[in-house]
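What follows is the residue order along each chain.
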Amino acid sequence: MEIKSYINGRWIRPSSQRMVRNINPSDLTDLVTEFPSAGEKEAREAIEVARATFMSWREVPAPERGRYVLRVMELAKARKDEIARTMTREEGKLLRESAGEVQKGINILEYYGGSGFRLNGQTIPSEIAECFTCTVRRPLGVVGIITPWNFPWAIPCWKIAPALVAGNTVVFKPAELTPWTASILVELFEEAGLPPGVLNMVVGPGSAVGEAIIQHPQIHAVSFTGSNEVGRRVIVEAARTHKKVTCEMGGKNALILMEDGDIASSVDATADGAFGSTGQRCTATSRVLVHASRAAEFMERLLAKAKTYVPGNGMDPNATMGPCVDKKQFETVLSYIEAGKKEGARCILGGMRAPGNGYFVNPTIFDKVRPEMIIFQEEIFGPVLCVTEFNTFEEAVALANNVRYGFTGSIFTRDMGTIMRFIEHAEIRMVHINEPTIGGEAQLPFGGCKSTGYGDREMAEEGLNFFTQTKTIFINYSGKGERAIIR
Ligand code: NAD
């Protein structure tokens, strides 16, 4: 499959000599995509086209803009299986995980497709007689959208749909590891009849295409999801060039099992959060904090459950966990496992690569993990779980908060007071009670705090807010030229 960039309604083969070869992470003999990567030149072209198209796109009534998104939703439904299969081949996740992600994107398209009818401002009373005051929401201009490989369909859906409905034009830079899934989404917008130049996609490296987007003065806002390191760079560049910016970055999420929590469901939630999608979710459970009085029983059951996660090709119905996405990620995960062993954490399951001609790592559990250890502190982004015991609720929350990230977390307890105190004191913005740390829905705001999230949150109404600016209007019908002094 040859990947092209999409600029001004045309699929373009960049002239660059730099070839990208993407291999199926479950089968290293399967070359999935091969293409010359685009660079700064194509990014600049796309930005120029998006700028030129903005004036006409913003004139399209908002409900009509939303209908393009609804058409994409219908087209995506018809190709659901094909999109899921492409994603599994390209990224590696299990076919049912890919199908779930495609459905999530469809729900997001459905949600935002209707939001053109609700791009509301407010009427607000004025201090001044015979003056009508209100606000309207208007688009920002050209928006740069930069996305990672781990949710190659849902994340572009939750950024592109609200950006377009709000009336912006878009330059979209997907991750180079998952360009095929991204291309299908763009293809669907083309098939839906979106005018040329409104949505443009440039497939190339962050160092060229991403940098061109974050530095260009004609980009008015950047919506970024990815690692903390790159996100920090995006924030600095956006500040330098006065862009509105939202960045959703890494996580180091904890699940807490209290003395009174349900063991069976907490074990299932921990394993699902830690090993589902090979731990390559920003919301993955990478730490479990267990009340010391329940640790022995919890660990026995967790070990049994974790052993049911068998790495394999995502297309194989018997596989219960996919591979790491590529060689680099595979080596990163193995190096964190080595760091954990060196630091003296006890590896009680896995801790090594799994058989097969892919980037497979066995589900891995470290016991006796202390907060100062690297594996407690850093996002590993693989099937590696750290277990730490505690004695009091205060200790558990302090442990959960003792990382630079602040994304998601969960507590298993039946006590209402404990639940409320967790909601208040956990330094996170996605709070789960008696369920896994993972999950998000189109109509619920999504995002983190501390080093995880910067700027507005995503999805739901808050996600749409990011892509608009409010204008404050004064309509004075007093017939007096001067504005009255407020008394
Ligand atoms: P990454 O930061 O390496 O890349 C993300 C995107 O940024 C890619 O498209 C990449 O090409 C681009 N990029 C790289 N350098 C750039 C630069 N200098 N300027 C502009 N763009 C540049 O992240 P990744 O490895 O693709 O994704 C994994 C990370 O994403 C993890 O840390 C994960 O936690 C995070 N993530 C966060 C959320 C969330 O909502 N908080 C969701 C999914 C993933």
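Residues numbered from 1 in each chain as written. Predicted model: local features only at pLDDT ≥ 70, side-chain atom pairs only at ≥ 80, totals over all residues. Heavy atoms only, no water.

**Observations concerning the pairing of strand E3 (residues 19–23)**
Part 1 of the argument: Residue alternation in E3 divides its side chains into a buried set, Val20 and Asn22, and an unburied set, Met19, Arg21 and Ile23.
Part 2 of the argument: Direction of pairing for E3 relative to strand E4 (residues 31–36): antiparallel, over a ladder of 5 bridges. Bridging from a neighbouring strand, isoleucine 23 pairs with leucine 31 of E4. (Buried < 20%, exposed > 50% of the residue type's maximum accessible area, 1.4 Å probe, protein only. Helix = DSSP H or I, 4+ residues; strand = E, 2+ residues; numbered from the N terminus. Pairing = 2+ DSSP bridges.)

**With respect to the pattern of salt bridges**
Part 1 of the argument: According to the stated counting rule, one finds 30 salt bridges in the structure shown.
Part 2 of the argument: Arginine 89 is paired through a salt bridge with aspartate 30; the nearest N and O atoms lie 2.8 Å apart. Highlighted residues: arginine 89 in helix H3 (residues 80–91) and aspartate 30 in the loop between E3 and E4, separated in sequence by 59 residues.
Part 3 of the argument: With a relative accessible area of 26%, arginine 89 lands in the partly exposed category. (Salt bridge = Lys/Arg side-chain N within 4 Å of Asp/Glu carboxyl O.)

**Let's talk about the domain arrangement of the chain**
Part 1 of the argument: For the chain, the domain assignment lists domain 1 (5–249 + 452–472) and domain 2 (253–433).
Part 2 of the argument: The partner domain 2 presents 29 residues to the 25 residues of domain 1 that form the contact.
Part 3 of the argument: Linking domain 1 to domain 2 there are 1 salt bridge.
Part 4 of the argument: Among the ionic pairs, glutamate 229 bridges to arginine 404, the shortest N-O distance being 3.6 Å.
Part 5 of the argument: Taken together, the elements giving at least two residues each to the side of domain 1 that touches domain 2 come down to H3, helix H4 (95–113) and helix H8 (228–240).
Part 6 of the argument: The element that contributes the greatest number of residues to the side of domain 1 that touches domain 2 is H3, accounting for 4 residues. (Domains from an automatic or database assignment. Contact = heavy atoms within 4.5 Å.)

**A closer look at the packing of helix H7 (residues 206–215) against H8**
Part 1 of the argument: Axis separation between H7 and H8 bottoms out at 9 Å; the angle between their running directions is 35°. Between H7 and H8, the residues in contact are Glu211, Ile214 and Gln215 and Arg233, Val234 and Glu237, respectively. (Axes fitted to C-alpha atoms, helices over the stretch in contact; angles between N-to-C directions.)

**Looking at the site of the ligand**
Part 1 of the argument: The environment of the ligand is formed by 26 residues, the closest being Thr147, Glu211, Ser227, Met249 and Glu379.
Part 2 of the argument: Contact between the ligand and glycine 226: an oxygen atom at 3.3 Å from a main-chain N or O atom of the residue.
Part 3 of the argument: The contact in question runs from an oxygen atom of the ligand to an N or O atom on the side chain of glutamate 379, over 2.6 Å.
Part 4 of the argument: Contact with the protein chains hides 87% of the accessible area of the ligand, taken as 860 Å² for the molecule alone.
Part 5 of the argument: For the shell around the ligand, the secondary-structure elements that each account for two or more residues are H7 and strand E9 (221–225).
Part 6 of the argument: It is H7 that contributes the most residues to the shell around the ligand, 4 residues altogether.
Part 7 of the argument: Mapping the shell around the ligand onto the domain boundaries places at least three of its residues in each of domain 1 (5–249 + 452–472) and domain 2 (253–433). (Near = heavy atom within 4 Å. Polar contact = N/O pair within 3.5 Å; in protein donor to acceptor, adjacent residues only side chain to side chain. Areas by Shrake-Rupley, 256 points an atom, 1.4 Å probe, with all protein chains shown as cover.)

**Overview of the sheet that holds strand E17 (residues 408–412)**
Part 1 of the argument: Across the sheet, which stays open at both edges, the 7 strands sit in the order E13-E14-E15-E12-E11-E17-E18 with mixed pairing between neighbours. Each end of this open sheet is capped by a strand with a single partner; those strands are strand E13 (346–349) and strand E18 (430–433). In this sheet, neighbouring strand axes are inclined to one another by 25° on average, regardless of whether the strands run parallel or antiparallel.
Part 2 of the argument: By the bridge criterion, 3 bridges tie E13 to strand E14 (residues 364–367) in an arrangement that is antiparallel.

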